[in-house]
Amino acid sequence: MVALLAPMATISEIIDSVRTYHPAADLDLIQRCYSFAEKAHSGQLRRSGEPYVIHPLGVAATIAELKLDVPSLCAGLLHDCVEDTSATTEELQRLFGQEIAFLVEGVTKLGKIPWNTREERQAENFRKMLLAMARDIRVILIKLADRVDNMRTLGAMPADKQERIARETMDIYAPLANRMGIQWIKIELEDLSFKYLYPEEYSSLHDSLTRYHEERAKYIEDVTAILRDEMTRNEVECQVYGRPKHLWSIQQKMKRTGCDLEQLYDIIAFRVIVPSLRACYEALGVIHAKWTPIPGRFKDFIALPKPNMYQSLHTSVIGPRGERMEVQIRTPDMHRVAEEGIAAHWRYKEGRPYLGKGDEKDEKTFAWLRQLMQWQRDLKDPTEFIETVKIDLFTDEVYVFTPKGDVRALPKGSNPIDLAYTIHTQVGNRCSGARVNGIMVPLRYVLRNGDTVEILTSPNQKPNKDWLKFCLTSNAKAKIRHYIRTEQRERSKQLGRELCEREFRRAGRSLNRLEKSPELDKVVKQLHHATLDDLFIAVGYGKLLPADVADKLAPEPRADRHEGVVEPVADTPSEKVARRTVRRAPTGIRVAGIDDVMIRWGKCCSPLPGDPIIGFITRGRGVTVHTRTCPKSLDQDPDRRIEVEWDGKLKTPRPVSIQVVCADKPGLLANISQSFHEQGVNISQANCRSTDDHRAVNTFQFSVSDLDQLKIVIKAIQRISGVYSVDRI
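1. Some words on the pattern of salt bridges
Reasoning step 1: Considering all chains together, one arrives at 25 salt bridges under this definition.
Reasoning step 2: Across the salt bridge formed by Asp 16 and Arg 19, the nearest N and O atoms sit 2.8 Å from each other. Remark: Arg 19 and Asp 16 occur in helix H1 (residues 11-21); sequence separation between them is 3 residues, near one turn of the helix.
Reasoning step 3: One continuous salt-bridge network, built from bridges that share partners, spans Asp 69, Glu 99 and Arg 138.

2. Some words on the environment of Ser 48
Reasoning step 1: Of note, Ser 48 is situated in the loop between helix H2 (27-40) and helix H3 (54-65).
Reasoning step 2: Since its relative accessible area comes to 43%, Ser 48 is described here as partly exposed.
Reasoning step 3: Ser 48 sits 109 residues away from Met 157 along the chain, and the two C-alpha atoms are 8.2 Å apart.
Reasoning step 4: Within the local environment of Ser 48, its side chain forms a polar contact with the side chain of Glu 50, the two groups lying 3.0 Å apart.

3. What about the environment of Tyr 310?
Reasoning step 1: Note that Tyr 310 resides in the loop between strand S4 (299-300) and strand S5 (313-318).
Reasoning step 2: Each C-alpha atom of the pair Tyr 310 and Val 337 lies 6.6 Å from the other, and the pair is 27 residues apart in sequence.
Reasoning step 3: Tyr 310 has contacts with Phe 301, Pro 305, Gln 328, Arg 330 and Ala 338, leaving out every residue within four places of it along the chain.
Reasoning step 4: A distance of 2.6 Å separates the side chain of Tyr 310 from the side chain of His 314, its partner in a polar contact.

4. Focus on the sheet that holds strand S9 (residues 431-436)
Reasoning step 1: One open sheet accounts for 3 strands, arranged S10-S9-S11; its pairing is antiparallel. At either margin of the open sheet sits one strand with a lone partner, and together these are strand S10 (439-441) and strand S11 (453-457). Strand after strand, the sheet turns through a mean of 35 degrees between neighbouring axes, direction not considered.
Reasoning step 2: Strand direction decides the pairing type here: S9 and S10, joined by 3 bridges, are antiparallel. Bridge pairing links Arg 435 to Met 440 in S10.
Reasoning step 3: Contacts from helix H21 (residues 416-423) reach S9, S10 and S11, with the element oriented near 80 degrees to S11.

5. Section: the sheet that holds strand S19 (residues 683-690)
Reasoning step 1: Read from one edge to the other, the open sheet built from 4 strands follows the order S19-S20-S18-S21, with strand pairing classed as antiparallel. Both edges of this open sheet fall to S19 and strand S21 (723-728), since each of them pairs with a single strand only. Across the sheet, the mean angle separating the axes of adjacent strands is 15 degrees when strand polarity is ignored.
Reasoning step 2: Examined bridge by bridge, strand S18 (residues 654-663) and strand S20 (residues 695-704) share 10 bridges and lie antiparallel to one another. Residue Ser 657 lies in a different strand from S20, and its bridge partner there is Gln 701.

Parameters and conventions
- Residues numbered from 1 in each chain as written.
- Predicted model: local features only at pLDDT ≥ 70, side-chain atom pairs only at ≥ 80, totals over all residues.
- Heavy atoms only, no water.
- Salt bridge = Lys/Arg side-chain N within 4 Å of Asp/Glu carboxyl O.
- Helix = DSSP H or I, 4+ residues; strand = E, 2+ residues; numbered from the N terminus.
- Buried < 20%, exposed > 50% of the residue type's maximum accessible area, 1.4 Å probe, protein only.
- Polar contact = N/O pair within 3.5 Å; in protein donor to acceptor, adjacent residues only side chain to side chain.
- Contact = heavy atoms within 4.5 Å.
- Pairing = 2+ DSSP bridges.
- Axes fitted to C-alpha atoms, helices over the stretch in contact; angles between N-to-C directions.

Function cannot be read off these values alone, since they describe shape.
As structure tokens, then:
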């Protein structure tokens, strides 16, 4: 288990640590930066009541543990000065130099700019970090050190902030640490997030592991001795270490297998460090000769390194007492990179720009970062950008071969369409089928390690929305969405033009003639559109009435329009929607401050009061409301989007569904049903089925007043013994 709280470091201890790996460091500069930070934060306290300067010290201690250079450490000490004190970037540059000021600026959040939503703020903060990372990878290393220290002291924050920060850490920062190859930070962030996201499960697992601590410590000691003896007998020089896997990985394994901790195997991992590449394979032979290997559990990350530079041989065997155990075999250099990742790589590249022209190995190492940079340029919608980042950062991967023998790495769960878009956009757009190992497969086929995949194309093929349901990679989803949106816009432009032509004819005007005069250009500008095509698209989507365009050109009232009612010109798209919609019963949704607009609910996501939401104008059907993270809302053209909000005065119960996976045993379903009753919630529909692995998968539909009530229901069910997972559908 990872230690979840580091002792407080002093500036003297940090300087002593730097001296051990960088004897020629400018230690006086570190001391001056600390003195500046201490003075700048003077009088400020953390929520725990401690002096604020303890936080920069904690960040600097982590940076020293990563063995980074003096500017990185100084930036860690100063990283909150610009955001939380009267200090400025210009002042830091004058006192400590441009390099340190740049690193501080890269880490500083955009806290002083008013964003509309939390998702937008999160996305823009991350965009800024990516831009800084493009120039210097140290920015993200400092940010990770900052997040580690914040997570270590998260207990002083209110419960809602604990959950929000822990979720962001689990979704973005832990995977980012994994992408950077810094395993100890990834492990600590995951375990700390686990502690705050699922406190009861964390506490139960922690207590159980503590009870079995002595027994497992004895097992590790015995197996370590056996491994050393076997390697010595076969003349393989080595060092051997053993450890239990960390809490979050054990919890995930329990959830996947449906086993309790006592039934769980393969939660202990051993590392064998050997002096050379050849010795890695020799050690593997010794282990397989001693214990029976488990089929399908051998992975050669030396021949096929992970994108984060990780290299090792992994094998699982039936060890002493019949227990399954994992053994990782690597050289000292591989071990250093496995633990420190890019931080280890950086020390050998000091002084070189990271994403400038480098050797071929560097280009491959930072290919994922280049891809993230491309997304931050292409994806303007903050929700779509953050969802893309989450997908791209998770690195469980599958390796497949092209017919020419080239290796392609894809996220686990990818299919031929995902592969096609990695080759070229047009290959993806024209993908009509695939052959895997010489056999035709459907496009939904999930690729496996070692598959040889041939992509088939047709000039008549084009992307469709169904592909978005099973595509996994951000690249494929973005290209498909772009194609579909382009088609939607073209159809809307054509429809908008036809509607305007029809309305103009009724008004006795000719659109073709008006297009050649400056008169129509003025109307386009008055209606807040950049071009005539944009105006047609707005009409086609239903955001603008063709009558409004005609009224601007022929302003006299027309009694025959809209069933004899003279309709004033609306000032905003939302008002236009409201004015052409009959008054309705309140729905609990306000569109730009108006609460009687015709509302439809996205059945794909069933929004609840409290969910972040977004609206999309649908021609003839008012506004459709989705959650901001709903995949279908990401598929819609941003031009149809309209801001909506919950009306806090009206709380109408909304239907919601959850899936409960639990042990298949008598009485458990009754306990779950009783839990609903205790929360005052009535189940309107239930679907229960058993699976072959002695589990039950139960889907419940019910109504709640808001998101907070749903969370209470979910937490109550999670507390029931035998329940493995509870997820909102």
